[in-house]
Each structure stands twice: as structure tokens, then as C-alpha cells.
Amino acid sequence: MNQSSNLSDNAKKDLLNVQAALKGNQKAFEKLFLRYKDAIFYFLLRTINNRTDAEDLTLECFGKAFRNIDQYSTKYAFSTWLFRIATNTSIDFIRKKKKNIIKFETKDDNNIDNPSYESKTPSPEQQIINKQNAMFMRRQVSQLKDRYRILIELRYFKEYSYEEIAKEMNLPIGTIKAQLFRARKLLFDNISDQGL
């Protein structure tokens, strides 16, 4: 990773966090997440005009960025790279929605990959970092009330569709969506409350 002198002061701060994150520093990941989560969410909300989908895609964008942070190039600000991921993710999502317009949602809708950012074979170091990130998120989720924890686990860890969650929990889809919205908000707030 070659450092660029053309970066702004904020971009240089981000770069320091990226470099720390590459070494497995969890707080550096959290700082990047907290700094950009709202901007990415509102960008996606404007793009796809659906709050629930924008929240899902926000988490997906950060997941892609953190899984592939070793591919970030300092020719660009981290925010530019992150917004490029968000743009590509929203384009893929819109294309997928148009393709599946007759269906309410399929399991594949939650499994959008962008080959330009996905690493085929992560290095052993990257696998350890990925494992640490997953452990961090699981710890955060485990602190939620049971009903919210179960919803997050089914939706994001087991990748259930809304229909599958509704069937599993014997609740209407509308209730599932409303409670997932609340669960995501609580999760974001818990991370934000750490003040990192």
C-alpha cells in the first residue's frame, strides 16, 4: 500500500485507520464504520428509495469493504473507494430487483456479490481479520434482546429471506420487517454508543 501525498487531512486519518485495520485493529474498523455509516445509508436510501433495503445494503457495503480492505488503493480516499462499493452494490441490487420483479424476494437477493471487490482466496492474515470482525459483530448482536438477536442471526448470519423468517417465527412479514428495522437501529446505536 503506497501512501499518497494528494490525500486530504481527513483521508489521511482514514488511511491510518485502514492501515491499523489491516493489522487486525478492531477499533480502527469501528472508527471507519462509525464515520461513514450514516453517509453510506443516506446515499443508498436516495439511490433505492427503500429504508429497509438501504439498511441491509449499508451493512453489506461495510462487509464487502472490511473483507476486502487489503484491496484498497491509496491513490483514492477511503471514502471514494467505499462509495464506489456502495454504488456498485446499489446497481447490482437494482438489477437483481428488476430481474426478480415478479417475486417478492428470493434468498439470492441477499447474496449480491461484486466480483471486482470479492477476493477469491483471502490470505491467512485476512482470514484471521475476517474472523475477528465476525466475532465482534456476533458479540454486539449477542447483547441485543432475544427477539432482536434471533432476527439478526436469521437474516444476516443464516441469510434467511423475510418469508423464511416469518415462517420460522410464525409472524407476519410486516412484523418481521418492523422488528428487523428496530433490531438494526439498536445494533447501530450500540456500536455508536461506544463513542469510537
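See the structure above.
Residues numbered from 1 in each chain as written. Predicted model: local features only at pLDDT ≥ 70, side-chain atom pairs only at ≥ 80, totals over all residues. Heavy atoms only, no water.

Overview of the packing of aromatic side chains
If you walk through the whole model with that rule in mind, you get 9 aromatic pairs. A ring pair is formed by Phe-29 and Phe-66, whose centres lie 4.6 Å apart and whose planes are at 75 degrees; its orientation type is edge-to-face. With Phe-29 in helix 2 (residues 26-48) and Phe-66 in helix 3 (residues 51-67), this residue pair connects regions lying 37 residues apart in the sequence. Across the pair, exposure class does not vary: Phe-29 and Phe-66 are buried alike. Ring geometry for Tyr-36 against Phe-78: centres 5.9 Å apart, planes inclined by 55 degrees, an arrangement best described as tilted. Linking Tyr-36 in helix 2 with Phe-78 in helix 4 (residues 78-99), this pair joins segments that are 42 residues apart in sequence. Of the two residues examined, Tyr-36 and Phe-78, each falls in the buried class. Aromatic rings pair up to connect Phe-29, Phe-33, Phe-62 and Phe-66 into one cluster. Positioned above the aromatic ring of Tyr-162, the side-chain terminus of Arg-155 is 3.9 Å from the ring centre. Lying over the aromatic face of Tyr-162, Lys-177 brings its terminal NZ or CZ to 5.0 Å of the ring centre. (Phe/Tyr/Trp six-rings, centres within 6.5 Å; stacked < 30°, edge-to-face > 60°. Helix = DSSP H or I, 4+ residues; strand = E, 2+ residues; numbered from the N terminus. Buried < 20%, exposed > 50% of the residue type's maximum accessible area, 1.4 Å probe, protein only. Lys NZ or Arg CZ within 6 Å of the ring centre and 35° of its normal.)

Digging into the pattern of salt bridges
Counted under the stated rule, the structure contains 10 salt bridges. In this structure, Arg-155 engages Asp-56 in a salt bridge whose closest nitrogen and oxygen atoms are separated by 2.8 Å. Placement of the pair is Arg-155 in helix 6 (residues 146-157) and Asp-56 in helix 3, with a sequence separation of 99 residues. Just as Arg-155 is buried, Asp-56 falls in that class too. Measuring nitrogen to oxygen at the nearest pair gives 3.1 Å for the salt bridge that ties Glu-153 to Arg-149. In this pair, Glu-153 and Arg-149 both sit in helix 6, 4 residues apart, roughly one turn of the helix. The exposure class assigned to Glu-153 is partly exposed, which follows from its relative accessible area of 25%. (Salt bridge = Lys/Arg side-chain N within 4 Å of Asp/Glu carboxyl O.)

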